[in-house]
Structure formats: structure tokens, C-alpha cells
Amino acid sequence: MNSIVYEDVKAIIAGLGNLVGRFNGAKVLITGYKGFLGSNFTAFFSVLNKEVLTEKADVYCMDSDIVDLDDRASEFAENFTLIRGSGVDDLPTKTFNYIIHCAGIASPTYYRKFPLETINVNAIGYWDLLNKIDHEALKGFLYFSTSEVYGDPDSKHIPTQEDYRGNVSCTGPRACYDESKRVGETISVSFAAQKNLPVKIVRPFNVYGPFMRLNDRRVIPDFVKFSMELGKIKLFSDGTPTRSFCYSSDAITGFLKALLEGQDARPYNIGNDSQEISMWGLAQQISEIMGNVEIERTISPEKNYLADNPQRRCPVIDRAKEELNYEPKVSLREGLERVIDWYKETYFSN
Ligand SMILES: NC(=O)c1ccc[n+]([C@@H]2O[C@H](COP(=O)([O-])OP(=O)(O)OC[C@H]3O[C@@H](n4cnc5c(N)ncnc54)[C@H](O)[C@@H]3O)[C@@H](O)[C@H]2O)c1
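The structure presented is a predicted model; accordingly, all values stated were derived computationally and were not measured.

With that settled, consider the overall build of the protein chain. Counting secondary structure elements, the protein chain contains 10 helices and 13 strands. Over its C-alpha atoms the protein chain spans a radius of gyration of 19 Å, differing by no more than 12% from the 20 Å that the globule rule assigns to 350 residues. Considering the protein chain as a whole, with its 350 residues, one finds that 48% of them fall into the buried category. Sequence separation of 24 or more characterises 81% of the internal contacts of the protein chain that already satisfy a separation of 6 or more.

Here it is, written out as C-alpha cells:
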């Protein structure tokens, strides 16, 4: 396992403390395990089984390969049950103690290309999964919502807290993602209320880190890819939109705390509230780390690249801090240096 990934997993385990014991002997399902977050969870359980748990977790990993990109998780999932599939009927069993539902199509470039699959995995397939799994055995189900449920908030609601209801288009090019995540939250709340299921909801804010594929088309891998391949960063906006980036080891710690200790059907913003930066500022930081590469403002070849793009995004994370003892630790600079080292080693070392 790559040393950066291993150190990240150790930081997650340290951040969880005694909570990791809950996974002793547990049956765990990770959907979307080849994706960015799913790979991080797979690495976490691999180290947990080898080094921490007295009774190993029995881990099932499913992915549909819908977006046919590289797979970096299977190498350390060798003792897990790997399933190629896209829904609950593809699973060899329906009995799990914990389900981490990372399946999704998270990159705007890909969800605009696959809007129906996006709606299916976030809402319709999700409903089916919750409906058909063994309810008795379930101790925790983690649903990945998104900060996109807030859409493009007015300035009074930024930084944004969980009770803000959102300003979202139901027909725009991002609607397949935003609206299906919103209904996914409604499905979560309804299953918790009517079937008493322990469904936990997290709203991640721009998480980045190892395993986000280089050609994923999200901004950090894009800037790194441009720097490495073209020797310059292409900026597809005027550089003013902001995002608050959160390094993956911090976010995964928060997600797992929500799974193990969060209240049912109560959304938690998980992100970093102290790292808001403009796209121009981000390009400058990456340029510096990459050796002062040039930054070029240009127009994306993708027609809807900036349509309904929120101008500013920053979370209030007080609820997670108070109820989950969640505290992000990794600064943007440190996180960028770590992930750039990972990209160099993973994609450009030969
Ligand atoms: N990374 C972030 O910052 C972020 C922010 C907000 C929300 N999320 C949500 O978290 C979840 C994981 O995000 P990610 O960044 O790892 O995404 P990702 O796109 O990197 O990975 C998702 C994985 O799910 C798989 N998949 C898609 N449809 C599937 C299906 N029907 N069945 C099984 N597998 C399927 C894909 O092949 C892919 O490997 C997604 O639901 C995403 O919407 C992520």
C-alpha cells in the first residue's frame, strides 16, 4: 500500500479511537468501492483487519464499473468479497451490519453524461437497496448526500448550515445529481421513520485526496493533470468561484463517526470550514507546489461546464463538531502536497 494512503488510514484509525472496535466481526458492505471515497474505505478496512481488529470484519465490495476508469482498490481488497454489480439484486447476501453506500457518479462531467444512472444510484437504486436488505441485522447505513443539496445559496446563507433548505434548479444540467441526492435524503428520513432503520446522512463538501482519479474531471486532479502533462494550469472560469476543500483522511474520519455515532436521519455537513479558497487561489497553490507552472484562463470545451455552478461554497460544521467530536486537522497546503505526491507516484513515476 502506498505510504501516503497508509499514513492516512493510520490517522483515521487514531481519530476514531475506541470506536473502531465496533467493526470487530462485523459484516460490512462498501458500494462504489473503486471510486475515490470507496477506495479510501477499502484501504481503511484492509489495515483495520490486518492490524487492529481481534475478529476480522467480513467485507463485501461492489462496483458497477459504469464509469470505466482505473481501479486502484482491488490490490488491497484481496481478502474481501468483490462483486461486479449495480444494485441490491447483484449482492450474494442481503445481511450486513454496516453499509457504506459510496456508489454514485460524483464528477459533474460524468453525471451530465449519465444523468439516468446518476438518478438511479442516488434515489431509485438506493430505495431498492434499503427496502431489500436485512433490516434486523443492520446497525448503521451511511448515505452520501452532498453539499450540492444547497444548490447556489444566497450570500446570507454562506457559510451554509444544515437547516438551509437550498436553492436548486430541478431542470438544469446539475439537477440529475442535486435533486436525486435531495430525494435520497427524503428516502433516508422516511425509511428511518417508517421502518426504524439506522440511516445516517452526510453532506460532504469538496473532499479530495488519494484515489480521486486523475481523469475524474474534478478541479484538483484537473489542475495536477494539466501541470504534469501541459506544463501549465488551464482555469475554466474567471477564477472567482470559491470552494472549501477537505482532505480525505479528515472527511473519512467524520463519515465514520457519523456512521457509528450520528443520530439517525439527521444530516451532518462534513468538510473543512477554515480552508475556503478561490479557484484562482487554488491554481496558484498548485502551481507553486508543481514548481511555478503558468496559469492560463480559458474556456472549457464542455458546453455546460459553468452552468448553475455555485459561486461560493463553505460549510458550517458546528453540528458535526458538537455531536460527533469531528475536527478537521489537515490544512489545504499540506493536503495538496500529500495528494500531489500521490498523483506523481501513482500516475507519473515511470
Ligand atoms: N468526493 C466528494 O467530495 C463528494 C462530495 C459530495 C458527495 N459525494 C458523494 O459520495 C459518494 C462517493 O463519491 P466519490 O467521490 O467516491 O465518487 P466516485 O465517482 O469517485 O466513485 C463512485 C463509484 O461508484 C461506482 N458506481 C456508480 N454507480 C454505481 C452503481 N449503481 N452500483 C455500484 N457502483 C456504482 C462508480 O463506478 C465509482 O467507482 C457519491 O455518492 C458522491 O455523490 C462525494
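The structure having been displayed, the exposition proceeds.
What follows deals with the sheet that holds strand 1 (residues 27-31). Sheet architecture is open: seven strands sit in the order 3-2-1-4-5-6-11, paired in parallel fashion. For this open sheet the edge positions go to strand 3 (81-84) and strand 11 (267-270), each flanked by a neighbour on one side alone. The mean inter-strand angle of the sheet, taken between neighbouring strand axes irrespective of direction, is 20°.

With that out of the way, let us pick up the site of the ligand. The ligand sits among 27 residues. The nearest are Gly32, Gly35, Ala103, Gly104 and Phe144. Contributions of two or more residues to the shell around the ligand are made by helix 2 (36-52), strand 2 (58-63) and helix 4 (115-132). The biggest single contributor to the shell around the ligand is helix 2, with three residues. Its residues assigned to classes, the shell around the ligand comprises 13 nonpolar, 11 polar and three charged.

Most of strand 1 is tucked away, with four of its five residues classed as buried. Direction of pairing for strand 1 relative to strand 2: parallel, over a ladder of five bridges. The residue bridging Val28 from the neighbouring strand is Val59, located in strand 2. With four bridges joining them, strand 1 and strand 4 (residues 98-101) adopt parallel strand pairing.

A rise of 1.5 Å per residue sets the reference length of helix 6 (residues 219-230), with its 12 residues, at 16 Å; its end C-alpha atoms lie 16 Å apart and thus fit the reference within 8%. The element helix 6 is extensively covered by neighbouring structure, given that nine of its 12 residues are classed as buried. Restricting attention to buried positions, one finds in helix 6 the residues Val219, Ile220, Pro221, Asp222, Phe223, Val224, Lys225, Phe226 and Ser227. Summarising the contacts, the buried residues of helix 6 are in contact with strand 7 (207-208), strand 8 (232-235), helix 8 (279-289) and helix 10 (332-347).

With 91 residues, the main nonpolar core has Val28, Ile30, Leu142, Phe223, Phe255 and Ile270 as its most contacted residues. For this core, the leading source of residues is helix 2, giving seven residues. Residue contacts for Phe223: discarding those within four places in its chain leaves Ile233, Leu282, Ala283 and Ile286.

Another point: helix 10. Between its first and last C-alpha atoms helix 10 spans 22 Å; for 16 residues at 1.5 Å apiece the expected length is 22 Å, and the two agree. Among the residues making up helix 10, those that are buried are Leu332, Gly335, Leu336, Arg338, Val339, Trp342 and Tyr343. Here the buried residues of helix 10 occupy an arc of 165° about the axis, which is enough to place them on one side. Residues of helix 10 that are exposed and angled more than 90 degrees away from the buried face: Arg333 and Glu334. At its buried positions, helix 10 is contacted by helix 1 (3-16), strand 7, helix 6, strand 10 (246-247), strand 12 (276-278) and helix 8.

With respect to the helices and strands, the residue Ile13 is situated in helix 1. As a C-alpha pair, Ile13 and Phe45 span 32 residues in sequence and 10.0 Å in three-dimensional space. Not counting the four nearest positions on each side in its chain, Ile13 is found in contact with Val20, Leu48 and Val52.

Definitions and cut-offs
Residues numbered from 1 in each chain as written. Predicted model: local features only at pLDDT ≥ 70, side-chain atom pairs only at ≥ 80, totals over all residues. Helix = DSSP H or I, 4+ residues; strand = E, 2+ residues; numbered from the N terminus. Rg over C-alpha atoms; globule rule 2.2 N^0.38 Å. Buried ≥ 20, exposed ≤ 12 C-beta atoms within 10 Å, placed from the backbone. Contact = placed C-beta atoms within 7 Å. Pairing = 2+ DSSP bridges. Axes fitted to C-alpha atoms, helices over the stretch in contact; angles between N-to-C directions. Near = placed C-beta within 6 Å. Nonpolar A, V, L, I, M, F, W, Y, C, P; charged D, E, K, R; others polar. Expected span 1.5 Å × (residues − 1). Core = buried A, V, L, I, M, F, W, Y, C linked by C-beta atoms within 7 Å. Arc of directions from axis to C-beta.

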